[in-house]
Amino acid sequence: MTPQPTTTDHPVLRVPPADPAVAAAHFAASLAFHADASDVAAALATGGDPGFVLLDSRSAESWDQGHIPGAVHLPTSLIAGQADELLDPDVPVVTYCWGPGCNGAARSALVLAGLGYRVKEMLGGFEYWVREGFAYETARGAERRGADPLTAPVGAGACGC
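The paragraphs below set out a description of the structure included in this document. Not measured: the values here are computed from a predicted model.

1. Focus: the overall build of the chain
Then comes step 1: Each helix and strand in the chain was counted, giving 6 helices and 7 strands.
Then comes step 2: For the chain, the N- to C-terminal ordering of α and β elements is α-β-α-β-α-β-α-β-α-β-α-β-β.
Then comes step 3: A principal-axis box enclosing the C-alpha atoms of the chain has dimensions of 65 × 40 × 30 Å.
Then comes step 4: For the chain, the proportion of its 161 residues judged to be buried stands at 32%.

The structure is reproduced here in structure tokens:
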């Protein structure tokens, strides 16, 4: 019989999992702050009011390179001065930037929350929107790439999460 490693030697369990009630509170809080690209796409695909405004907080050059159809363009540096002109304070805002390596969506969400908006960040940003095979717009027009099999099931309507 092979000896089992002790928890102090275990790379995963060296720090034990949280109490279930603590874990539930953590994950509920996480979902209150985040949405993923698939859920945003599903909400936008209904054709009706999705119940939120999608906000692209990147530069004009980034917006022209590609953005999500229907998104409002408001770079982070302009939010404090222009949010009240473009956003309804009674409608939640979902922010996005480039991708998981960029914290622009979190910074824009912080500014919006400070102004009194209810806000979530779209995990994965524009990168994962494109990688999951959703349509996007560029300065040249509408575009779409096939789904990356590492991020979304190819040919399937949903990942089943």
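Moving on from the model shown.
2. Overview of the nonpolar core
Then comes step 1: Of all hydrophobic cores here, the largest spans 18 residues; its most connected members are Val40, Leu54, Ile68, Tyr96, Met122 and Trp129.
Then comes step 2: With 4 residues, the single largest contributor to this core is helix H2 (residues 37-45).
Then comes step 3: Apart from residues no more than four positions distant in its own chain, leucine 54 is found in contact with Val40, Leu44, Ile68, Ala71, Val72, Val94 and Tyr96.
Then comes step 4: In terms of nonpolar packing, the next biggest core, distinct from the first, is built from 10 residues, Ile79, Ala83, Val93 and Val119 among them.

3. A few points about the packing of helix H4 (residues 79-86) against helix H5 (residues 104-114)
Helix-helix packing is described using two parameters, namely the angle between the two axes and the distance between the axes.
Then comes step 1: Two elements in contact, H4 and H5, have axes separated by 10 Å at closest approach and are oriented at 65 degrees. Comparing their axes, H5 and H4 come out roughly perpendicular. Considering how the two elements wind past one another, H4 and H5 form a crossing that is right-handed. Two secondary-structure elements touch here, H4 through Ile79, Ala80 and Ala83 and H5 through Ser108, Val111 and Leu112.
Then comes step 2: Looking at the contact of H4 with H5, its residues break down into 5 nonpolar, 1 polar and no charged.

4. Considerations on the state of the cysteines
Then comes step 1: For the structure shown, the criterion picks out 0 disulfides.
Then comes step 2: No disulfide involves cysteine 97; its sulfur sits 3.3 Å from the nearest other cysteine sulfur, which is in cysteine 102.

5. With respect to the pairing of strand E5 (residues 119-123)
Then comes step 1: Taken together, the 3 bridges between strand E1 (residues 34-36) and E5 define a ladder with parallel strand orientation. Paired with histidine 34 across the strands is glutamate 121, a residue of E5.
Then comes step 2: Where strand E4 (residues 93-96) and E5 come together, 3 bridges link them in parallel fashion. Bridge pairing in E5 links valine 93 to valine 119.
Then comes step 3: With H5 bridging E4 and the parallel E5, this β-α-β connection has right-handed handedness.

Definitions and cut-offs
Residues numbered from 1 in each chain as written. Predicted model: local features only at pLDDT ≥ 70, side-chain atom pairs only at ≥ 80, totals over all residues. Heavy atoms only, no water. Helix = DSSP H or I, 4+ residues; strand = E, 2+ residues; numbered from the N terminus. Buried < 20%, exposed > 50% of the residue type's maximum accessible area, 1.4 Å probe, protein only. Core = buried A, V, L, I, M, F, W, Y, C linked by side-chain atoms within 4.5 Å. Contact = heavy atoms within 4.5 Å. Axes fitted to C-alpha atoms, helices over the stretch in contact; angles between N-to-C directions. Parallel < 35°, antiparallel > 145°, perpendicular 65-115°, else oblique. Left-handed = near helix turned anticlockwise from the far one by under 90°. Nonpolar A, V, L, I, M, F, W, Y, C, P; charged D, E, K, R; others polar. Disulfide = S-S within 2.5 Å. Pairing = 2+ DSSP bridges. Right-handed = clockwise from strand over helix to strand, strands pointing away.

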